[in-house]
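# Survey of secondary and tertiary structure
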Amino acid sequence: LTLKNINDFDPKAFSRHLHEKLPAYAVPIFIRIREQEEITGTFKYRKVELKKEHYDLNQVDEPIFFMSHQQTQFVPLDNQILYSIKQQEIRF
């Protein structure tokens, strides 16, 4: 998700909007907030790097939000949640 000001992101309002407009299976699990997207010389988004970095906090400087099945809104992804995902305590 690209925003001019990352601090303008309201996870509660965005979560509510997604749940109202999308079916449950289409609501994203992860949201990464960026101020600017990188594009190629032919004006295409650079997706390869995003796929490689995915939701690894060691590779990403931007904020990442996570929505678990138990919660109804996005919460900031932290090392504890990431560890639980890697240990398969949290499943998708």
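The model shown is predicted, which means the values in this text are computed figures rather than measured ones. Numbering of residues starts from 1 in every chain and runs along the sequence as written. Only residues with pLDDT of at least 70 are given local features in this predicted model, and only at 80 or more are side-chain atom pairs given and counted; all residues enter the totals for whole chains, interfaces and linings. Excluded from the side-chain calculations are hydrogens and water; all other atoms, namely the structure's heavy atoms, are used.

## Re the nonpolar core
- Working definition of a nonpolar core: buried Ala, Val, Leu, Ile, Met, Phe, Trp, Tyr and Cys residues. They are joined through side-chain atoms within 4.5 Å. Relative accessible area decides the class of each residue, using a 1.4 Å probe on protein chains only: under 20% of the type maximum gives buried, over 50% gives exposed, and in between gives partly exposed. Listed in full, the 8 residues of the largest apolar core are Phe9, Leu18, Val27, Ile31, Ile33, Phe65, Met67 and Phe74.
- Only heavy atoms matter for contacts: two residues are in contact if any of them lie within 4.5 Å across the pair. Not counting residues up to four positions away in its chain, the partners in contact with Phe74 are Pro11, Phe14, Ser15, Leu18, Pro28, Ile29, Ile31, Phe65, Phe66 and Met67.
- Val60, Ile64, Leu77 and Ile85 belong to the second-largest nonpolar core, a separate cluster that totals 7 residues.

## Things to note about the environment of Leu1
- In DSSP terms, a helix is any run of H or I states spanning at least four residues, a strand is any run of E spanning at least two, and both are numbered starting from the N terminus. Within the fold, Leu1 resides in the segment before helix H1 (11–21).
- Taking relative accessible area as the criterion, Leu1 reaches 40% and is therefore assigned partly exposed.
- Residues Leu1 and Lys52, 51 residues apart in the sequence, show an inter-C-alpha distance of 17 Å.
- Not counting residues up to four positions away in its chain, the partners in contact with Leu1 are Phe9, Phe14, Ile31, Arg32, Ile33 and Arg34.

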